[in-house]
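Tertiary structure, described
So you can see what is in the structure, the chains are spelled out below.
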Amino acid sequence: MLVILPPSETKSDGGTLGPLDLDSLWLPQLTAVRDKLITELIELSADPEAARVALGLGKATGAGAEGLQTALTRNASLRTAATAPALRRYTGVLYDALDAGSLTKTQRARAEERLAIGSALFGVVRAGDAIPGYRLSGGSKLPGLPTLASLWKPVLAPALREATAGRLVVDLRSGTYQQLGRLPGAVTATVLTERPDGSRTVVSHFNKHHKGLLARALVSTRAEPGDIRALARIAEKAGLRVEIASSSELLVLT
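Residues numbered from 1 in each chain as written. Predicted model: local features only at pLDDT ≥ 70, side-chain atom pairs only at ≥ 80, totals over all residues. Heavy atoms only, no water.

This part covers the overall build of the protein. Assigned secondary structure in the protein consists of 10 helices and 10 strands. On C-alpha atoms alone, the protein measures out to a radius of gyration of 18 Å, which is about the 18 Å that the 2.2 N^0.38 rule sets for 254 residues. Put simply, of all contacts in the protein between residues at least 6 apart along the chain, 71% involve residues at least 24 apart. Surface accessibility of the protein: about 11,500 Å² in total, with carbon and sulfur atoms responsible for 52%. Seen as two clouds, the 31 positive and the 24 negative side-chain charges of the protein have centres 3 Å apart. (Helix = DSSP H or I, 4+ residues; strand = E, 2+ residues; numbered from the N terminus. Rg over C-alpha atoms; globule rule 2.2 N^0.38 Å. Contact = heavy atoms within 4.5 Å. Areas by Shrake-Rupley, 256 points an atom, 1.4 Å probe, with all protein chains shown as cover. Lys, Arg positive; Asp, Glu negative; His and termini not counted. Charge placed at Lys NZ, Arg CZ, Asp CG, Glu CD.)

Quick look at the packing of helix α1 (residues 31-44) against helix α7 (residues 148-163) now. Any two packed helices are characterised by how steeply their axes cross, that is the angle between the axes, and by the distance between the axes. Where α1 meets α7, the closest approach of the two axes is 10 Å, and the angle between their N-to-C directions is 160 degrees. In terms of orientation, α1 lies roughly antiparallel with respect to α7. Of the residues in α7, those in contact with V33, R34 and L37 of α1 are L148, L151, W152 and V155. (Axes fitted to C-alpha atoms, helices over the stretch in contact; angles between N-to-C directions. Parallel < 35°, antiparallel > 145°, perpendicular 65-115°, else oblique.)

Attention shifts here to the packing of aromatic side chains. What the rule picks out here adds up to 3 aromatic pairs. Ring plane angle 85 degrees and centroid distance 6.4 Å describe the contact between Y90 and Y134, whose orientation is recorded as edge-to-face. One end of the pair, Y90, is in the loop between α4 (86-89) and α5 (93-98); the other, Y134, is in the loop between β5 (130-131) and α7, with 44 residues separating them in the sequence. There is no split in this pair, since Y90 and Y134 are both buried. Pairing F122 with Y134 gives two aromatic rings, centres 5.7 Å apart and planes at 90 degrees, and the pair type is edge-to-face. (Phe/Tyr/Trp six-rings, centres within 6.5 Å; stacked < 30°, edge-to-face > 60°. Buried < 20%, exposed > 50% of the residue type's maximum accessible area, 1.4 Å probe, protein only.)

What follows covers α7. Between its first and last C-alpha atoms α7 spans 21 Å; for 16 residues at 1.5 Å apiece the expected length is 22 Å, and the two agree. Along α7, the largest kink reaches about 40 degrees and is centred on P154. Those residues of α7 that fall on the buried side of the exposure criterion are L148, A149, L151, W152, L156, A157, A159 and L160. (Expected span 1.5 Å × (residues − 1). Bend = angle between axes of the 7 residues up to and from the residue.)

Moving on, we get to unusual backbone geometry. Its identity as a non-glycine residue notwithstanding, L27 has a phi of 60 degrees, on the positive side. Here L27 is to be found in the loop between β1 (2-5) and α1. Accessibility expressed as a relative area gives 3% for L27, which makes it buried. The phi angle at D99 is positive, at roughly 50 degrees, despite the residue not being glycine. Mapped onto the fold, D99 is located in the loop between α5 and α6 (105-114). Judged by its relative accessible area of 37%, D99 falls in the partly exposed class.

Ranked by internal contacts, the top residues of the largest apolar core, which has 78 residues, are L5 and F122. The dominant element in this core, judged by the number of residues it contributes, is α7, at 7 residues. When residues no more than four places from it in sequence are discounted, the contact partners of F122 are L20, L22, L25, L30, R34, I38, I131, P132, Y134 and W152. (Core = buried A, V, L, I, M, F, W, Y, C linked by side-chain atoms within 4.5 Å.)

As structure tokens, then:
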């Protein structure tokens, strides 16, 4: 089983590992696109206003100025900054719920085997891949380059298909990141909040939180699910309320 998590805009700083080594990352077929995007981000970091617009950052005043400076600093040092395992690099609601720091040694090893993370900069990385902090979102448009989807689709989709052949894949990425490289047949999870009148709606915060809980359940279990039914049983044992909507869609109800 492979679980593909969405990335997050928020990331931890620093790291205890050496500079980025593109050749060490999962899916070496993606190296050329990764290298191209890194070069573009480094060059773009020398032009704060262009970077602000391209990266979708707010006004370069007040708190916005601080966020812009952080983004520029991270992107300028992509090839030289210290790195950290991807699962520690990304932060936020989903990763708080996953709570990788509290996993046992055995569960952490299982997490490195079973978890991957979507990325606008790296395509997809494994949980243990060493990466620096960076700023690039799936919807960003870098000057002089095609859209990120246009860059990634030709290489990411076939690379993922080849790497996951014969495995159950649970794709928890958002639509923006799925568009970078789709995996037909992967199980997706839709998080819905059920109101007292029985109506159901999608709520962003609970979506991230419960996907994090689902990911934790899937790395905590020793079971190796082969289909969505087995997946649902694992989620239910972990205390999640789920329904099978189709052979490839699991509903998680809050």
